[in-house]
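Inside the fold
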Amino acid sequence: MSAQTTHPQVTVFGAYGHTGRFVVAELLERGFTPVLSGRDAAKLAASAASSGLEIRPASVDDPAALDRALSGADAVINCAGPFATTAAPLIEAALRAGVPYVDVAAEIEANHDTFTHFADRARSAGTVIVPAMAFYGGLGDLLATAAMGDWKTADEVHVAYGLSGWHPTAGTRAAGQVSRDRRAGRHVRYRDGALSYHDTASPLLTWAFPEPMGERSVLGDFTMADAVTIPSHLPVPDVHVYMAAEAAHDLASAETPAPEPTDERGRSAQTFLVDVRVRRGDEERRASASGRDIYAFTAPLAVEAVHRILTGQTRATGVASAGAVFDARDFLRALSDQLSVEVAP
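A brief look at the structure comes next.

Here is what the cut-offs are and how they apply
- Residues numbered from 1 in each chain as written.
- Predicted model: local features only at pLDDT ≥ 70, side-chain atom pairs only at ≥ 80, totals over all residues.
- Heavy atoms only, no water.
- Axes fitted to C-alpha atoms, helices over the stretch in contact; angles between N-to-C directions.
- Helix = DSSP H or I, 4+ residues; strand = E, 2+ residues; numbered from the N terminus.
- Left-handed = near helix turned anticlockwise from the far one by under 90°.
- Contact = heavy atoms within 4.5 Å.
- Nonpolar A, V, L, I, M, F, W, Y, C, P; charged D, E, K, R; others polar.
- Phe/Tyr/Trp six-rings, centres within 6.5 Å; stacked < 30°, edge-to-face > 60°.
- Buried < 20%, exposed > 50% of the residue type's maximum accessible area, 1.4 Å probe, protein only.
- Lys NZ or Arg CZ within 6 Å of the ring centre and 35° of its normal.
- Pairing = 2+ DSSP bridges.
- 1 Å grid on protein atoms, 1.4 Å probe; cavity = no way out; pocket = protein on both sides within 12 Å on 5 of 7 lines; lining within 4 Å.
- Points joined across faces, edges and corners; volume = space filled by probe spheres on them.

Overview of the packing of helix 6 (residues 135-148) against helix 10 (residues 294-310)
The interhelical angle for the contact between helix 6 and helix 10, taken along N-to-C directions, is 60°, at an axis separation of 10 Å. Viewed along their axes, helix 6 and helix 10 form a crossing whose handedness is left-handed. Residues Phe-135, Tyr-136, Leu-139 and Leu-142 of helix 6 form the contact with helix 10, whose own contacting residues are Ile-294, Phe-297, Thr-298 and Leu-301. When its residues are assigned to classes, the contact of helix 6 with helix 10 shows seven nonpolar, one polar and no charged.

Description of the packing of aromatic side chains
Inspection of the entire model under this criterion finds nine aromatic pairs. With a centroid separation of 5.0 Å and an interplanar angle of 65°, the aromatic rings of Tyr-136 and Tyr-161 are classed as edge-to-face. Residue Tyr-136 is found in helix 6, and its partner Tyr-161 is found in strand 7 (residues 156-163); the two are separated by 25 residues along the sequence. Their ring planes at 35° and their centres at 5.3 Å tell us that Tyr-136 and Trp-166 sit as a pair that is tilted. A residue pair is termed long-range when its members are at least 10 positions apart, and Tyr-136 in helix 6 and Trp-166 in the loop between strand 7 and helix 7 (170-182) qualify at 30 residues. Both residues of the pair, Tyr-136 and Trp-166, belong to the buried class. Taken together, the ring pairs connect Phe-135, Tyr-136, Tyr-161, Trp-166, Phe-272 and Phe-297 into an aromatic cluster. It is Arg-277 that lies over the ring of Trp-207; its NZ or CZ is 4.1 Å from the centre.

Considering the pairing of strand 10 (residues 204-208)
Here strand 10 runs beside strand 11 (residues 215-220); their pairing, made up of five bridges, is antiparallel. Bridging from a neighbouring strand, Trp-207 pairs with Arg-216 of strand 11. Between strand 10 and strand 11, which pair antiparallel and follow one another directly, the connecting turn spans six residues, one of which, Gly-214, has a positive phi of 70°.

Structural notes on the layout of surface pockets
Where empty space is left becomes clear once a probe the size of a water molecule has been rolled over the atoms. Empty space within the second largest pocket amounts to approximately 210 Å³. Secondary-structure elements contributing two or more residues to the lining of the second largest pocket are strand 13 (271-280), strand 14 (283-292) and strand 16 (340-344). Its residues assigned to classes, the lining of the second largest pocket shows seven nonpolar, four polar and two charged.

Points about unusual backbone geometry
Omega for the bond connecting Gly-81 with Pro-82 falls within 30 degrees of zero, at -5°, which places this linkage in the cis form. As for its position among the elements, Pro-82 is in the loop between strand 4 (75-78) and helix 4 (83-97). The phi angle at Asp-192 is positive, at roughly 50°, despite the residue not being glycine. Residue placement: Asp-192 occurs in the loop between strand 8 (187-191) and strand 9 (194-198).

In short, shape yes, function no, at least from these values alone.
Written out as structure tokens, the structure is:
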């Protein structure tokens, strides 16, 4: 692995997708050399037309093509969902190549599969695999870890998503359908130290977000990838997740359009505030973060992760979530140009 090169080479699988394009742009801005990969050669060529970046088409059912896509790479970022289909083949290719793997999967079951099936092999290989290094899964885990501070255990973690709205991409809709099919339409939660499935409707609740957002209606049991990432390393038996009611309605409606760019970076007008509370007995610790465009913000999360892995700023090997493998508070500070963070106390 050539991590000491001036411009480390990072293969981006799904480089022409909505999130993939943000990741490629972020890599270029940070001084990396992206290699564009994915299943559609024509879309790859179109994406590379203005940049002149190298393209390496590959399908997840073609191990030899995946090996070519990762040849000479220092790391791989998987941005192509549904991750139930793409994660395992890309991780296998990364293990063969001996390079770290990062993905942006929000699919609960796909992330659980990664921890279940690859933990021992990745640890034995001495490599790092970071699933859910994205807005869902990664950010909540970093905030929960930062809020925990010196606590060794806690009773429960609450993660509330205050989104101004949610215009889902086609990839989000496709991945969501795969997850719903896998759980036969049931809901999922993390309680008593395990994932479980249920048919109870999500309750409508009120959450007091930090100002200026204030009190908002949220759907409870709106479980996201945090239910996998947080308990993967924090000894917390219950993880509760909430979603702003407006955003949940947008996601549920087939009429909601895909996100549209509103600035020179291609970001939408969507804003977010993620509020995390960790409770132990009568004590509570809290961390919150606000920013813009959940898809665009996934890019600096994933790229900062790759930077830290390649420069040795890690605390673990094997399959590990963001909060386990990185210094959570330092990682969040590194994103200060795109994220406002408060940790209390």
